[in-house]
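Fold and contact review
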Amino acid sequence: MMTLEYIRTSDNFDVIYWGIAFVMSVFWGLYGIMDEANKDCEVEIITERIGKVINYTKTQTKYIGKNYSFLKACKKIGILYGLGAFVSDFTWSFIGWCSLYLLLSQYCDKDLATLNIFLGIVAVVGITGYGFKIPEKMKVG
């Protein structure tokens, strides 16, 4: 029976783990380019209308027509903007994989319980591809 300790110390584990981490991070980077290319406009949501006074409280991204071709998406948003989208999403995903790797190496240490909770949250957010939402949520106003 293989234990977690045996798998962690195995040389093949590291190669497979970082291979999966790199491939998934590239996937989220390419997804970031496609996502930026498919954002066509933002629509304001009306939450309150009193006579002629209209209050807009938030906007929602509306997708008009999907670009399914990667080359068309790159042409639409430009090389520099596409590279920025790729690097941003790739980096957030890779940070998640690094956090999970660090968490696996120290999850039994009771003194690092708070750090391990933080690493777990960062790992889940990064690996699932939602890291790019963090800067949007941090905007004020």
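If you're wondering where the values come from, they're calculated on a predicted model, not measured in any experiment. (Residues numbered from 1 in each chain as written. Predicted model: local features only at pLDDT ≥ 70, side-chain atom pairs only at ≥ 80, totals over all residues. Heavy atoms only, no water.)

1. Section: helix α3 (residues 70-77)
To be explicit about the condition: For every residue, the accessible area (1.4 Å probe, protein chains only) is compared with the maximum for its type, and the residue is labelled buried under 20%, exposed over 50%, or partly exposed between those bounds. Secondary structure elements follow DSSP: runs of H or I no shorter than four residues count as helices, runs of E no shorter than two count as strands, and numbering proceeds from the N terminus. In this description, one arc is meant: the one made by directions from the helix axis to the C-beta atoms.
Within the sequence span of α3, burial applies to Ala73, Cys74 and Ile77. Axial view of α3: buried residues confined to an arc of 100 degrees, hence all on one face. In α3, those exposed residues whose orientation departs by more than 90 degrees from the buried face are Leu71, Lys72 and Lys75. Count one or two residues on from α3 and you reach Gly78, which has phi positive near 95 degrees.

2. Quick word on the nonpolar core
Inclusion rule: Nonpolar cores are built from buried Ala, Val, Leu, Ile, Met, Phe, Trp, Tyr and Cys residues. Side-chain atoms within 4.5 Å join them into one set. Here, residues are in contact when the closest pair of their heavy atoms is within 4.5 Å.
Counting residues in each nonpolar core, the largest one holds seven residues, listed as Ile33, Met34, Ala37, Ala73, Cys74, Ile77 and Ala85. Elements represented by at least two residues in this core include exactly α2 (11-37) and α3. Aside from chain neighbours lying at most four places away, what touches Ala73 is Ile33, Met34 and Ala37.

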